[in-house]
Structure formats: C-alpha cells, structure tokens
Amino acid sequence: MTTVTPLSRILDLARISLPGSIDTMIKSVLFDVATEFTQKSDIWQEEIPFTVVAGQTDYEIDPSDRATINRLMYVENGDGIPTAATMREPHTVVLPTEPSQEAEYTATVALAPKDPVTSDGTPSLPTWIIEKYRLELLAGVLGQMMAQPAKPYSSDQKAVYHLRRFRTGIARAQVEARAMNVHSGQRWRFPKNFA
Amino acid sequence: MAILATAASYVEQARTLLQDTVAPYRYPDADLVMGLSMAMEEARRTRPDLFLATSFVVPVYTAADSTAVAIDAQYRLAFLYFVVGMAQLRDEEDTQDARAAALISLFRTQLTTGQA
C-alpha cells in the first residue's frame, strides 16, 4: 500500500479535481504556489548564525534547507539583543557599522523554495508547513490550474473561488508567523537589556 | 503492458479502425506515422503542458517501430483518432471527409475540453 503523505494528498486531490491535467504541470504549479505562499506569509523562517569580525560590515549567509532567502526578519547579537541590519541583496547581511570585535550573531530570515526541485519534481518545503497548510496549498494549485485557458479543467469561476481561499490562507499564515504560532501571541519580544 | 505506447502500436490500432489490416495496405506505414507526428505538433499548439516533461521538444516519428510515444495515458486515444482522421482526409469520398473531420475535431475536443 502506498504511503500517504501530506504532499501526496495534495497531488491526489489535484488530479481528481482537475480531470485531464498532467502531473508535471501540477507539480510545476505547486512550486509557484509554494513560492507565493512562503514569500507573502514569511511562514518559513530559519535562524542562521554567523560570525562578525572587526572591520567588516557585509556577511554572506545561506540557509541549510534547499531554499532561497526572501527577507531578513531581524538580527540579534550574541546577547540576543536586536541589532540593526539590512539585506540589500538576498543572502548578504549588511551591518550599519563595523563591529569592534569578533562575535556570534544570528540572522532570522524568511525563506522560499528554490530550484532544483526534489527528485520527484515537487518543491522542497518543510513537512510541517505542508501538513498545516495543505488545504491552502491545494486551493492555490486548483485556482492557478483552473485559471489556465483552453484546458479540460479550465473554469474562471472556480479559479476565483479557489484563489480567494488561497489568499485567505496566506493572510492566516502571515498572522500565525508573526505570533510564532502562539494563540493570541505577539511578534515582538521585550528587549533583554530592558529587563 | 501499456497500450498505445509505441509508434508501431498506433499504426496497428489505426489500421484496425481504418479496416486496412491486410497487405498490400491502402494507407502506407509512412503516412500513418506522419499522421502521428502531425498530431504531436497540433497537440503542442493546443496543449503545450503535454510537453512540459520533455522541455517542449516535439517528437518526430519516422517509422512504425518500437519508438516510445511519451504521451500521458489519458490522451493516447485522442492521438489515435487524429492519425485515423488524417489518413482518411486523403480520400475523396464525401463520407470519408466527414468522418475525417469528425475524428480530427474529436482529437482537439478531447485535448481542450476533456469531453468524449
């Protein structure tokens, strides 16, 4: 018996809801859907430690997963205190002033899927995101596929419906990302140096 | 074994529908294989997603051999209809013209609307 995974559920339901669709096309659209979902919600985040040295302001960082950095959320110094920083180009953290000594900083970044995809043609996403937002990702796939012209599964009306569900899902994920998945939680934390 | 998976199988099934299974054939193998290649080009125009896995390279067939026809299983019958329709398009009888047009139209309908 084939093992059912959150990703396989998305693909199976997409195949059923989109008669005449091609698997390769579904997976290609799923990549775009996952990209839009993660880019707009910032739900996929990673803390990347990096060492700052005296006299240097620019630092290259790379995520551990098969992903690309979409946005710098914040940088903390070795004491966990938020530190000013920018990211003019993805993967390059820029400090406004040169550090006076070597220290370990941590950059929290928002990620998005990146090519190449996995061996079965699907985007590389953390399993928990696919599990938690499976219905929203499915809605995105259905909406984008149904919006295609001259296909057996084309339907402008249904495309609007599913894309609306997808966008609502993005908004929900964005809120949950800010609240760190805490019920009624808030994003910012009391700076430690005020404690 | 998958049906309609090779160029030879398309020619064989087309001959069955054309009632042209006994040599010497009315429709040469080359004509039927050409019909299959034309079906690919027509499909590329109407359903480019069928060729996503091959980077949109449209295959060309030259012989009724074991060359694989890499079309999604749900659309193979539509391609067979096109091959048969193109073969009958060369006949002069009015009934054959009507049948040919219907088969080619059926190919396009199945690719774009999914209806039989």
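## Topic: the overall build of chain A
In terms of regular secondary structure, chain A is built from five helices and six strands. Secondary structure elements of chain A occur, N-terminal to C-terminal, as α-α-β-β-β-β-β-β-α-α-α. Each principal axis of the C-alpha distribution contributes one length, and for chain A these read about 65 × 35 × 35 Å. Looking at chain A as a whole, 46% of its 195 residues are labelled buried. When contacts within chain A are restricted to residue pairs at least 6 apart in sequence, those whose partners lie at least 24 apart make up 73%. The averaged location of the 23 negative side-chain charges in chain A is 11 Å from the averaged location of its 20 positive side-chain charges.

## Some remarks on the overall build of chain B
The secondary structure content of chain B amounts to four helices and zero strands. Relative to the 2.2 N^0.38 estimate, which gives 13 Å for 116 residues, the radius of gyration of chain B is 14 Å and therefore close to what a compact globule would have. In terms of principal-axis extent, the alpha carbons of chain B reach across some 40 × 30 × 20 Å. Taking the contacts inside chain B whose residues are at least 6 apart along the sequence as the reference set, 64% of them involve residues at least 24 apart. Taken together, the 9 basic and 14 acidic charged side chains of chain B have centroids lying 5 Å from each other.

## A few points about the pairing of strand β1 (residues 45-52) of chain A
Residues and elements named next belong to chain A. The alternating pattern of β1 places Glu46, Ile48, Phe50 and Val52 on a buried face, while none of Gln45, Glu47, Pro49 and Thr51, on the opposite face, is buried. Examined bridge by bridge, β1 and strand β6 (residues 103-113) share eight bridges and lie antiparallel to one another. From the neighbouring strand, Gln45 faces β6, where its bridge partner is Ala110.

## Notes on the pattern of salt bridges
Residues and elements named next belong to chain A. Scanning all chains against the criterion turns up 15 salt bridges over all chains. Between Arg15 and Asp23 there is a salt bridge whose closest N-O contact spans 2.7 Å. Accessibility expressed as a relative area gives 29% for Asp23, which makes it partly exposed. Beyond isolated ion pairs, a larger network of salt bridges with shared partners links Lys132, Glu136, Arg172 and Glu176.

## As for helix α4 (residues 134-146) of chain A
All names here are of chain A. With 13 residues, α4 should cover 18 Å at 1.5 Å per step; its first-to-last C-alpha distance of 18 Å lies within 8% of that length. The buried fraction of α4 amounts to ten of the 13 residues, a majority that puts the element mostly inside the structure. When α4 is considered as a whole, its buried residues turn out to be Glu136, Leu137, Leu138, Ala139, Gly140, Val141, Leu142, Gly143, Met145 and Met146. Looking at the packing, one finds that the buried side of α4 touches α1 (6-17), α2 (23-41), α3 (127-132) and α5 (156-178).

## Considerations on the packing of aromatic side chains
Residues and elements named next belong to chain A. In the structure shown here, the tally under the stated rule is six aromatic pairs over all chains. Ring centres of Phe37 and Tyr133 lie 5.1 Å apart, and the angle between their planes is 50°; on these two criteria the pair is classed as tilted. Residue Phe37 is located in helix α2, and its partner Tyr133 is located in the loop between α3 and α4; the two are separated by 96 residues in the primary sequence. On the accessibility criterion, Phe37 (1% relative accessible area) is buried.

## Here we look at the sheet that holds β1 of chain A
Either a parallel or an antiparallel arrangement is found when strands of a sheet pair, and the pairing is made through backbone hydrogen bonds. Residue and element names in this part refer to chain A. Pairing is antiparallel in the open sheet, where four strands are placed in the order β1-β6-β3-β4. Each edge of the open sheet carries a strand with a single partner, namely β1 and β4 (82-83). In this structure, strand β3 (residues 67-76) lies alongside β6, joined through eight bridges in antiparallel fashion. Note on β6: the bridge partner recorded for Ile69 is Leu111. Along the sheet face, α2 touches β3 and β6 and points at about 135° away from the line of β6.

## Remarks on the pairing of β3 of chain A
All names here are of chain A. Buried residues dominate β3, accounting for seven of its ten residues. Two elements, β3 and β4, share two bridges in a ladder whose sense is antiparallel. In the strand pairing of β4, Glu76 is matched with Pro82. Hairpin connection between β3 and β4: a loop of five residues separates the two successive antiparallel strands, and Gly80 in this loop has a positive phi of roughly 80°.

## Points about the nonpolar core
Counting residues in hydrophobic clusters, the biggest one holds 79 residues, and the most contacted among them are Phe50, Ile61 and Val109 of chain A together with Phe79 of chain B. Of the residues forming this core, the biggest block, eight residues, is contributed by helix α3 (residues 76-89) of chain B. When near neighbours in sequence (up to four residues on either side) are disregarded, Phe50 of chain A contacts Tyr59, Ile61, Val75, Val93, Ala103, Glu104, Tyr105, Thr106 and Ala107 of chain A.

## Quick word on the environment of Ala70 of chain B
Tracing the backbone through its elements, the reader meets Ala70 of chain B in the loop between α2 (29-46) and α3. Taking C-alpha positions, Ala70 of chain B is 8.9 Å from Pro59 of chain B, a pair spaced eleven residues apart along the chain.

Reading the values: rules and limits
Residues numbered from 1 in each chain as written. Chains lettered and ligands numbered in written order. Predicted model: local features only at pLDDT ≥ 70, side-chain atom pairs only at ≥ 80, totals over all residues. Heavy atoms only, no water. Helix = DSSP H or I, 4+ residues; strand = E, 2+ residues; numbered from the N terminus. Buried < 20%, exposed > 50% of the residue type's maximum accessible area, 1.4 Å probe, protein only. Contact = heavy atoms within 4.5 Å. Lys, Arg positive; Asp, Glu negative; His and termini not counted. Charge placed at Lys NZ, Arg CZ, Asp CG, Glu CD. Rg over C-alpha atoms; globule rule 2.2 N^0.38 Å. Pairing = 2+ DSSP bridges. Salt bridge = Lys/Arg side-chain N within 4 Å of Asp/Glu carboxyl O. Expected span 1.5 Å × (residues − 1). Phe/Tyr/Trp six-rings, centres within 6.5 Å; stacked < 30°, edge-to-face > 60°. Axes fitted to C-alpha atoms, helices over the stretch in contact; angles between N-to-C directions. Core = buried A, V, L, I, M, F, W, Y, C linked by side-chain atoms within 4.5 Å.

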